[in-house]
Amino acid sequence: MADRPLASLSLTHVHYDPNDPVSYFCAWLALVPQGLCVMYATLIWSTREIEILLMFGGQLACEALNFALKRILKEERPKQMHGKGYGMPSSHSQFVAFFSISLTLFLLFRHVPKKPTPSHTPLSMLARISLSGLALGNAGLVAWSRIYLNYHTPKQVIVGCTAGAVTAIGWFVITTIVRQIGLLSWFLDQPFTRLFRMRDLVVEEDLCQSGWEKWEAKRVASSMKVNGKKNR
């Protein structure tokens with residue numbers, strides 16, 4: 001065993017300059033895609049929202065496209081970096097571009113919040129634009145960090161961002177058609193889907209606020225019941 005060469009698990013292995021604080025920050029940015037995958041899995045399991053599952057499906061398709069493009073184009077990484085695999089296009093840039101643009105398209109065009117009630121104030125258009133800008137800004141930082149760390153050339157990052165953006169727009173169009181022709185409603189009515197309690201509420205509801213409203217209604221009802229017993 002001692003004579004065998006050891007391999008490195010490259011999933012979270014990042015080269016950076018320990019004497020450069022910016023390089024250290026960029027190393028953390030390299031973990032954003034992994035963090036987003038954890039977020040996808042957590043939200044799908046905890047909310048059972050079909051919209052999140054659809055977005056994750058598009059994200060996986062985007063990764064498959066990147067895998068194929070790298071093996072077709074076969075462009076090496078910058079000479080300063082000894083990273084494994086091809087560099088064209090940047091997978092990090094493509095990943096975050098897809099995520100940020102998909103989220104922006106959802107918030108600005110698909111999410112139609114319910115009218116405000118005394119206990120619920122939906123996200124305003126300004127808030128949705130701000131969240132979209134935050135996501136896009138984060139994607140820009142991740143893309144820039146790949147150049148700063150010498151993992152990719154500017155051209156490789158630009159192509160990655162472009163591929164991610166085109167895939168996100170294309171996937172949004174496809175899922176819109178799936179909704180419009182009733183295929184999504186049919187899928188949600190299937191026994192297998194119902195077994196896993198899949199639903200489609202996030203398009204018009206704030207799930208956190210919806211849960212809060214149910215809790216408030218239960219709390220008020222319980223309080224009224226206790227007060228009613230005391231007045232007897």
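What you see is a predicted model, and the numbers here were worked out from it, not measured in a lab. (Residues numbered from 1 in each chain as written. Predicted model: local features only at pLDDT ≥ 70, side-chain atom pairs only at ≥ 80, totals over all residues. Heavy atoms only, no water.)

### Things to note about the packing of aromatic side chains
Part 1: According to the stated counting rule, one finds six aromatic pairs in the structure shown.
Part 2: With a centroid separation of 6.3 Å and 85 degrees between ring planes, the pair formed by Y24 and W28 is classed as edge-to-face. Highlighted residues: Y24 and W28, both in helix α1 (residues 21-29), separated by four residues, approximately one helical turn.
Part 3: Here the aromatic rings of Y40 and F99 are separated by 6.1 Å at their centres, their planes lie at 85 degrees, and the arrangement is edge-to-face. Of the two residues, Y40 is situated in helix α2 (residues 32-47) and F99 in helix α4 (residues 91-110); the sequence distance between them amounts to 59 residues.
Part 4: Cluster of aromatic residues (ring-pair linked, three or more members): Y16, Y24 and W28.
Part 5: In this arrangement the basic side chain of R71 is found over the ring face of F67, its NZ or CZ atom lying 3.6 Å from the centre.
Part 6: Seen from the ring of Y151, R146 lies directly overhead, with NZ or CZ sitting 4.4 Å from the centre. (Phe/Tyr/Trp six-rings, centres within 6.5 Å; stacked < 30°, edge-to-face > 60°. Helix = DSSP H or I, 4+ residues; strand = E, 2+ residues; numbered from the N terminus. Lys NZ or Arg CZ within 6 Å of the ring centre and 35° of its normal.)

### Structural notes on the packing of α2 against α4
Part 1: Here α2 crosses α4 at 40 degrees, and the two axes come no closer than 10 Å. On the basis of the axis angle, α2 is oblique to α4. Relative to α4, the crossing made by α2 is left-handed. Residues V32, P33, L36, C37, M39 and Y40 of α2 pack against H92, F95, V96 and F99 of α4.
Part 2: A breakdown of the residues in the contact of α2 with α4 according to their chemical character gives nine nonpolar, one polar and no charged. (Axes fitted to C-alpha atoms, helices over the stretch in contact; angles between N-to-C directions. Parallel < 35°, antiparallel > 145°, perpendicular 65-115°, else oblique. Left-handed = near helix turned anticlockwise from the far one by under 90°. Contact = heavy atoms within 4.5 Å. Nonpolar A, V, L, I, M, F, W, Y, C, P; charged D, E, K, R; others polar.)

### Topic: α1
Part 1: Here α1 has its buried residues at S23, C26, A27 and L29. Along the axis of α1, the buried positions cluster into a sector of 155 degrees, meaning they face one direction only. The outward face of α1, more than 90 degrees from its buried face, is lined by the exposed residues P21 and W28.
Part 2: As for α1, its buried residues are in contact with α2 and α5 (125-148).
Part 3: Near the N-terminus of α1, the side chain that reaches the backbone nitrogen of V22, with its oxygen 3.0 Å away, is that of D20. (Buried < 20%, exposed > 50% of the residue type's maximum accessible area, 1.4 Å probe, protein only. Arc of directions from axis to C-beta. Polar contact = N/O pair within 3.5 Å; in protein donor to acceptor, adjacent residues only side chain to side chain.)

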